[in-house]
2 protein chains.
Amino acid sequence: VTSTPPDPRHPEISTRLTARFKLRYPIINAPMAGAAGGRLAAAVSRAGALGLIGGGYGDRAWIDAQFDQAGDAGVGCGLITWALERSPEALEAVLERQPRALLLSFGDPRPFAARIAAAGVPLICQVHNRADATLAIDAGADVIVAQGSDAGGHGDLRRGTFTLVPEIADLLAVRAPNTLLCAAGGVADGRGLAAAIALGADGVLVGSRLWATCEAAVSDAMHAAAIGANGDGTLRTSVMDIVRGLDWPARFTARVLHNRFTQTWHGREPDLRSRREQVSRDWIDGWAAGDPERANTFVGEAVGLIDTIDPAAAIIERMGAQAASILGRD
Amino acid sequence: VTSTPPDPRHPEISTRLTARFKLRYPIINAPMAGAAGGRLAAAVSRAGALGLIGGGYGDRAWIDAQFDQAGDAGVGCGLITWALERSPEALEAVLERQPRALLLSFGDPRPFAARIAAAGVPLICQVHNRADATLAIDAGADVIVAQGSDAGGHGDLRRGTFTLVPEIADLLAVRAPNTLLCAAGGVADGRGLAAAIALGADGVLVGSRLWATCEAAVSDAMHAAAIGANGDGTLRTSVMDIVRGLDWPARFTARVLHNRFTQTWHGREPDLRSRREQVSRDWIDGWAAGDPERANTFVGEAVGLIDTIDPAAAIIERMGAQAASILGRD
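Everything numeric here is computed off the predicted structure, so don't read it as measured data.

Caption draft 1: Up close: helix α2 (residues 38-46) of chain B. All names here are of chain B. Here α2 lies mainly inside the structure; 7 of its 9 residues are buried. Among all positions in α2, only G38, L40, A41, A42, A43, V44 and S45 are buried. Contact partners of the buried residues in α2: β1 (27-29), β2 (52-54), α3 (60-70), α10 (208-211) and α16 (312-326). Residue G48 follows α2 closely and has a positive phi angle near 100 degrees.

In structure tokens:
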């Protein structure tokens, strides 16, 4: 595990999260399936934040390759809980790599909590409403990530970041005061980090802004599509899951940029299901080519705050300095 | 106009909004149709914030009665823009009362801007996405309110408060640097006020938290329903507009508490339209009785942060003090 000592060049945003994980910044990258490989996770950890590999649906060979790539940077991993229910062996594969933390999202974490605790790995549970948070508390989560609908990629439309975060903070204060809280869904700069802390969080999980980095496994064309978009240019939909044959629970949709594919199929889901075989080939080819019109660009509403592709370390340092200034800690 | 000098008992949250409107707190109450009458608006203004009467669909007799009730407190008024398009005489009725500000929401404000400017009344435009904000800039708005989906009552599901606010702040910095910005949709305590300022706003528009006051025109039973609910207990729907025969543009739904009525009809809108005559009587009777099961309780996701019914002044003072503490200004 890489421990990052305080850097006198940068103002401090010390929180319970930086203390617990020995970080310089109270920032975790979202374990974005595909985009958050070993390269991004390592860059985030080396910058003094907490890097997570996006373990997604639990492809062991891919996950192993990403841990290899991250080397000794000290990274954790995220897994999709409902996929883990079907392929529990992915959990053992990840625990063998001694992750700095394990994040579970999109399902009930309780069946996996004892095994993760026995391995001595901190458990981070991403939740999407208050009911989810009570399950995460019961699982003994070390950190709860409250993700609002503003987020990119998979999530739940029903709760917004601005109100979910303080409500879960109040719940934890009563039910689990030693459980830390991170905000997710729209944090893309120091304003968002400062706002999250103001709302009661100990830190943030950053997706889209760290997706828009040199180290993320994202095509140049998708990066360019995101730079050209504003926050009005996204929607939550299931069309990309239908076409991939991914059996997501109905409550979870994914936020992506509007494009030719969503314009064609969003709202025509029954028709898409019946024509999946022929449509999926084009989507999968488009995804392999990184084509933002044939496949989908997974970003959140914070895309309207992103105008550049930068190294992850530069983004993290800027976020920390700006938040410190806003909170009067500089 | 009531000018409220600084009060040495309370820490300052001075922003461009407090300077522009001579306020003690950078807080405006949402002009909630029905709930925000003259009594609430006056209490808000007398507490050192900016009180607005909820002029709604433009019922002149009701609006006049509310201005009479507010007396010399110095209050403004809000109107629903698409309703004003059909009944433009409501604008003259409000301007005759020399409102401290006029808020327009839910439609294109440009046709009304010149008349409002000629009356010397500050124009506040509530917007729900970036495209709306460009119309408000073109209208010469003095203040833009960026309302995210977390909000109660009518709004747009597509943009969350957490990301809409900084995106509009960036837009205004380039396009209209003298136009002020307020955040709306989920601001219910000093954490929310501090977060809004961190995100780039000059102040906030507060709905649900000021709906839950002694001065709001809300039934005890609806107040009790809100106290008993948490943030998972709301939804956005159009069923109450269908049953009332209100012809809202399709993009605007209203966030209300789940209840027997929404459970019966949400998702069955065509059926509800065909049976409107018989269903509407019960809803309208329920509304008149303040019954939270037969009619609807209009609150946002911030209902999960509300546990008490208080005087408006106490809420405003607490919000200011807590925000000042969070932002290191106390």
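Caption draft 2: Focus on the sheet that holds strand β4 (residues 102-105) of chain B. Residues and elements named next belong to chain B. The parallel open sheet is built from 8 strands, whose spatial order is β1-β9-β8-β6-β5-β4-β3-β2. Looking at which strands have only one partner, the edges of the open sheet turn out to be β1 and β2. In this sheet, neighbouring strand axes are inclined to one another by 25 degrees on average, regardless of whether the strands run parallel or antiparallel. Pairing analysis gives 4 bridges linking strand β5 (residues 123-127) to strand β6 (residues 143-147), with the strands arranged parallel. Note that in β6 the partner of V127 across the bridge is A146.

Caption draft 3: A look at unusual backbone geometry. All names here are of chain B. A positive phi angle is found at K22, which is not glycine, with a value near 55 degrees. Unlike most non-glycine residues, Q98 shows phi in positive territory, near 50 degrees. Along the polypeptide, Q98 turns up in the loop between α5 (89-96) and β4. We classify Q98 as exposed; its relative accessible area is 68%.

Caption draft 4: Inspection of the packing of helix α5 (residues 89-96) of chain A against helix α6 (residues 110-118) of chain A at higher detail. All names here are of chain A. Two elements in contact, α5 and α6, have axes separated by 11 Å at closest approach and are oriented at 25 degrees. When the interaxial angle is binned, α5 and α6 end up roughly parallel. At the point where α5 passes α6, the crossing takes the right-handed sense. Residue-level contacts link L91, E92 and L95 of α5 to F112, R115 and I116 of α6. The class makeup of the residues in the contact of α5 with α6 is 4 nonpolar, no polar and 2 charged.

Caption draft 5: Region of interest: the packing of helix α9 (residues 190-198) of chain B against α16(B). Residue and element names in this part refer to chain B. Interhelical geometry of α9 versus α16 gives an angle of 55 degrees and a closest axis separation of 7 Å. Between α9 and α16, the interaxial angle falls into the category oblique. The chirality of how α9 crosses α16 is right-handed. Contacts from G190, R191, L193 and A194 in α9 reach M319, G320, Q322, A323 and I326 in α16. Class assignment for the residues of the contact of α9 with α16 results in 5 nonpolar, 3 polar and 1 charged.

Caption draft 6: Expanded view of the packing of aromatic side chains. Under the criterion given, the structure shown has 16 aromatic pairs over all chains. Seen in terms of ring centroids, F106(B) and W248(B) are 4.9 Å apart; in terms of plane orientation they differ by 80 degrees. Their pairing is edge-to-face. A residue pair is termed long-range when its members are at least 10 positions apart, and F106(B) in the loop between β4 and α6 (110-118) and W248(B) in the loop between α12 (239-244) and β11 (252-257) qualify at 142 residues. Given a relative accessible area of 10%, F106(B) falls into the buried group. Ring geometry for W287(B) against F298(B): centres 5.7 Å apart, planes inclined by 85 degrees, an arrangement best described as edge-to-face. One end of the pair, W287(B), is in helix α15 (residues 276-289); the other, F298(B), is in the loop between α15 and α16, with 11 residues separating them in the sequence. Given a relative accessible area of 17%, F298(B) falls into the buried group. Within the aromatic cluster, the residues linked to one another by ring pairs are Y57(A), W82(A), F106(A), W248(A) and F252(A).

Caption draft 7: Structural view of the interface of chain B and chain A. Counting residues at the interface gives 36 residues for chain B, matched by 36 residues for chain A. When chain B packs against chain A, the two sides together hide about 2800 Å² of surface, and 56% of this comes from carbon and sulfur. Looking at the side of chain B facing chain A, the largest losses of area belong to F162(B), R191(B) and D232(B), adding up to 24% of the total buried there. The partner of D232(B) in a salt bridge is R159(A), and the shortest N-O contact between them spans 2.6 Å. Considering every element that reaches the side of chain B that touches chain A, the biggest residue donor is helix α8 (residues 161-175) of chain B, with 7 residues. When the residues that make up the side of chain B that touches chain A are grouped by side-chain class, the tally is 15 nonpolar, 11 polar and 10 charged.

Caption draft 8: Structural view of the sheet that holds strand β8 (residues 180-184) of chain A. All names here are of chain A. Here 8 strands make up an open sheet; going across it, the order is β1-β9-β8-β6-β5-β4-β3-β2 and the pairing parallel. The two strands at the open ends of the sheet, each matched to only one other strand, are β1 (27-29) and β2 (52-54). Geometrically, the sheet is characterised by an average inter-axis angle of 25 degrees between neighbouring strands, direction not taken into account. Sheet analysis places β1 next to strand β9 (residues 203-206), joined by 3 bridges and oriented parallel. Looking at the pairing, I28 lines up with L205 of β9. Each of β3 (76-80) and β4 (102-105) touches α5; the most contacted strand, β3, lies at about 175 degrees to it. The strands touched by helix α7 (residues 130-138) within the sheet are β5 (123-127) and β6 (143-147), with β5 carrying the most contacts at an inclination of about 165 degrees.

Caption draft 9: Up close: helix α16 (residues 312-326) of chain A. Residues and elements named next belong to chain A. For α16, built from 15 residues, the straight-helix expectation of 21 Å at 1.5 Å per residue is met to within 8% by its first-to-last C-alpha distance of 21 Å. Those residues of α16 not exposed but buried are A312, I315, I316, M319, G320, A323 and A324. Along the long axis of α16, the arc covered by the buried residues comes to 160 degrees, so they all point the same way. Where the residues of α16 are buried, they touch β1, α2 (38-46), α9 (190-198), β9 and α10 (208-211). Positioned one or two residues after α16, G328 has a phi angle of 70 degrees, which is positive.

Caption draft 10: Examining the environment of P31(A) more closely. Mapped onto the fold, P31(A) is located in the loop between β1 and α2. If sequence neighbours within four positions are ignored, P31(A) has contacts with A36(A), L52(A), I53(A), G54(A), G78(A), L103(A) and L205(A).

Caption draft 11: Looking closely at the pattern of salt bridges. Across all of its chains, the model carries 52 salt bridges over all chains by this definition. Here R130(A) and E167(A) are joined by a salt bridge, their closest N and O atoms 3.4 Å apart. One end of the pair, R130(A), is in helix α7; the other, E167(A), is in helix α8 (residues 161-175), with 37 residues separating them in the sequence. Taking the shortest distance from any N to any O, the salt bridge between D189(B) and R191(B) comes out at 2.9 Å. Three or more residues are tied together by salt bridges with common partners; here these are R130(A), R159(A), E167(A), D232(B), R255(B) and E301(B).

Reading the values: the criteria
- Residues numbered from 1 in each chain as written.
- Chains lettered and ligands numbered in written order.
- Predicted model: local features only at pLDDT ≥ 70, side-chain atom pairs only at ≥ 80, totals over all residues.
- Heavy atoms only, no water.
- Buried < 20%, exposed > 50% of the residue type's maximum accessible area, 1.4 Å probe, protein only.
- Helix = DSSP H or I, 4+ residues; strand = E, 2+ residues; numbered from the N terminus.
- Contact = heavy atoms within 4.5 Å.
- Pairing = 2+ DSSP bridges.
- Axes fitted to C-alpha atoms, helices over the stretch in contact; angles between N-to-C directions.
- Parallel < 35°, antiparallel > 145°, perpendicular 65-115°, else oblique.
- Left-handed = near helix turned anticlockwise from the far one by under 90°.
- Nonpolar A, V, L, I, M, F, W, Y, C, P; charged D, E, K, R; others polar.
- Phe/Tyr/Trp six-rings, centres within 6.5 Å; stacked < 30°, edge-to-face > 60°.
- Buried area = accessible area lost by both parts, 1.4 Å probe.
- Salt bridge = Lys/Arg side-chain N within 4 Å of Asp/Glu carboxyl O.
- Expected span 1.5 Å × (residues − 1).
- Arc of directions from axis to C-beta.

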